[in-house]
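Read off the chains here:
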Amino acid sequence: MLAKAAHENFPVAPFFLPRAWRTDLMAIYGYARLVDDIGDGDLPPGGADARLLGLDPGGADDPLALLGAFEADLHRVFDPAATPRHPLLRALRPTVRRHGLTPGPFLGLIEANRQDQRVRRYATYQGLLDYCELSANPVGRLVLGITGTASPERIRRSDAICTALQIVEHLQDVAEDLRRDRVYLPAEDMKRFGVTEADLTAPRAGAPVRALVAYEAERAWSLLNEGTPLVGSVHGRLKVLLAGFVAGGRAALRAVAATGHDVLPGPPRPTKLSLLREVGATLRREG
């Protein structure tokens, strides 16, 4: 999990945070990452996770069966009389208890991955936003819960940032997602720009694909701008952490733009220097 955290667009649990926060943030990240790995079929071979969850070997290759067993084990985290089977969920339990976290956000992440098994194309941008409500926004709400800073306005700003980060990731991974038979570019927008799925299989993006990616990137910029006041509403090290989330999205979008919005050869990734520059710029604007 630590190795995977290093490849995210945003800092997961940076060194400057209190140790307790880092532990809790990594517990949340580990949960979200494992749920995604189940949904994407990226679990290590051998079926160890299936066995831990009480499934027979035949369930190891069935994402829906694994997600169902994982959800049942999640409920044990919130049941004082039960003990979770999976070690990652056992590690999550102290975090849940320390901060009084509720099952809702955790269940949302599972449901998003169930949706990935059923829905592989999105007709509208609103449909994609509804998906992000399950797949991304719960993580930000959990961060606010861990840091004791949740309020309706902060949750609204956090949702905007998290949705933006999810859209950015989809833009970076257009080619990889298509190989998984998933397209997160709204069909209504593809039609507007004259883009077909065949265009997304090319080694390099043509002008219509680049224009479509630029359009979706602008939407992500707007969401980040909507969410950025969250940074100015908190203080201390939490301010730096949240600035890192915003900066990660902005640096990734700049990396996409630097390719001329040609994301098909591979995911454009920001450099550490560009991320640090964006963190500084965000803190100056929201200081």
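Model, not experiment: these values are computed from the prediction. Chains are numbered independently. Their residues run from 1 in the order of the written sequence. Predicted model: local features are reported for residues with pLDDT of at least 70 only, side-chain atom pairs are reported and counted for 80 or more only, and whole-chain, interface and lining totals are derived from all residues. To get the side-chain values, take all heavy atoms of the structure and skip hydrogens and water.

Student: With reference to specific residues and values, describe the overall build of the protein.
Tutor: Of the regular secondary structure elements, the protein holds 15 helices and zero strands. Only the C-alpha atoms count toward the radius of gyration. The rule for a globule is 2.2 Å times the residue count to the power 0.38. Relative to its length of 287 residues, the protein is compact, with a C-alpha radius of gyration of 19 Å against a globular reference of 19 Å. With respect to the principal axes defined by its C-alpha atoms, the protein has extents near 60 × 50 × 30 Å. Expressed as a percentage of its 287 residues, the buried residues of the protein come to 48%. A sequence separation of at least 24 residues applies to 69% of the contacts in the protein between residues at least 6 apart. For the accessible areas, the method is Shrake-Rupley and the probe is 1.4 Å, while residue cover comes only from the protein chains on display. Here the protein displays about 12,900 Å² of accessible surface, and carbon together with sulfur accounts for 57% of that area. The positive count covers Lys and Arg only, the negative count covers Asp and Glu only, and His and the chain ends enter neither. Note that the charge is assigned to NZ on lysines, CZ on arginines, CG on aspartates and CD on glutamates. Distance from the positive charge centre (36 side chains) to the negative charge centre (34 side chains) of the protein: 7 Å. By definition, any uninterrupted DSSP run of H or I lasting at least four residues is a helix, any uninterrupted run of E lasting at least two residues is a strand, and each is numbered from the N terminus. When accessible area is computed with a 1.4 Å probe and restricted to protein chains, residues below 20% of their type maximum are described as buried, those above 50% as exposed, and intermediate ones as partly exposed. Working rule for contacts: check all heavy atoms of both residues, and any pair within 4.5 Å makes them a contact.

Student: I'd like to hear about the state of the cysteines, residue by residue, with values.
Tutor: Two cysteine sulfurs form what is called a disulfide whenever their separation falls within 2.5 Å. Tallying each qualifying case throughout the model produces zero disulfides. Cysteine Cys132 is unpaired, with the sulfur of Cys162 as its nearest cysteine sulfur at 9.7 Å. Among the residues examined, Cys132 registers a relative accessible area of 0% and is labelled buried. Judged by its relative accessible area of 12%, Cys162 is buried.

Student: Any chance you could break down unusual backbone geometry for me, citing the residues and the numbers?
Tutor: The residue Asp181 is not glycine, and still its phi comes out positive at about 60°. Following the sequence through the fold, Asp181 ends up in the loop between helix H10 (174-179) and helix H11 (187-192). With relative accessibility at 39%, the residue Asp181 sits in the partly exposed group. Its identity as a non-glycine residue notwithstanding, His261 has a phi of 65°, on the positive side. Mapped onto the elements, His261 comes out in the loop between helix H14 (236-258) and helix H15 (272-286).

Student: So what about the side chain of Asp116? Which residues, and what values?
Tutor: For Asp116, the location among the structural elements is in helix H6 (residues 103-118). Think of a salt bridge as a Lys or Arg side-chain nitrogen and an Asp or Glu carboxyl oxygen that are within 4 Å of each other. Although buried, Asp116 forms no salt bridge, and the nearest oppositely charged side chain, Arg182, lies 4.0 Å from it.

Student: I'd love a proper account of the pattern of salt bridges, names of residues and values included.
Tutor: Inspection of every chain in the model, using the stated rule, returns 22 salt bridges. In this structure, Glu153 engages Arg157 in a salt bridge whose closest nitrogen and oxygen atoms are separated by 2.9 Å. One end of the pair is Glu153 and the other is Arg157, both in helix H9 (residues 152-172) and four residues apart, which spans about a single turn. Assessed through its relative accessible area of 39%, Glu153 is described here as partly exposed. The closest approach of N and O atoms between Arg180 and Glu176, which form a salt bridge, is 3.7 Å. For Arg180, a relative accessible area of 26% translates into the label partly exposed. On the basis of relative accessible area, Glu176 is assigned to the partly exposed category, the value being 32%.

Student: How would you sum up H14? Please name residues and give values.
Tutor: Helices are assigned an expected span. That span is 1.5 Å times one less than the residue count. Between its first and last C-alpha atoms H14 spans 33 Å; for 23 residues at 1.5 Å apiece the expected length is 33 Å, and the two agree. Most of H14 sits inside the fold, with 17 of its 23 residues counted as buried. Following H14 by one or two positions, Gly260 has its phi on the positive side, about 75°.

Student: I'd love a proper account of the packing of aromatic side chains, names of residues and values included.
Tutor: Note on ring pairs: Phe, Tyr and Trp rings are taken, using the six-membered ring of Trp, and paired if centres are within 6.5 Å. Classes follow the plane angle, with under 30 degrees stacked, over 60 edge-to-face and the rest tilted. For the structure on display, the rule yields seven aromatic pairs. Summarising the aromatic geometry, the rings of Tyr131 and Tyr184 are spaced 5.6 Å apart at their centres and angled 25° between planes, so their arrangement reads as stacked. Placement of the pair is Tyr131 in helix H7 (residues 125-135) and Tyr184 in the loop between H10 and H11, with a sequence separation of 53 residues. A network of ring pairs unites the aromatic residues Tyr31, Phe70, Phe78 and Phe106 as a single cluster. The positively charged end of Arg192 is found above the aromatic ring belonging to Tyr215, 4.7 Å away from the centroid. Think of it as a cone above the ring: NZ of Lys or CZ of Arg counts as a charge over the ring if it is within 6 Å of the ring centre and within 35 degrees of the ring normal. Sitting over the face of the ring of Tyr125, Arg219 holds its NZ or CZ atom 3.7 Å from the ring centroid.

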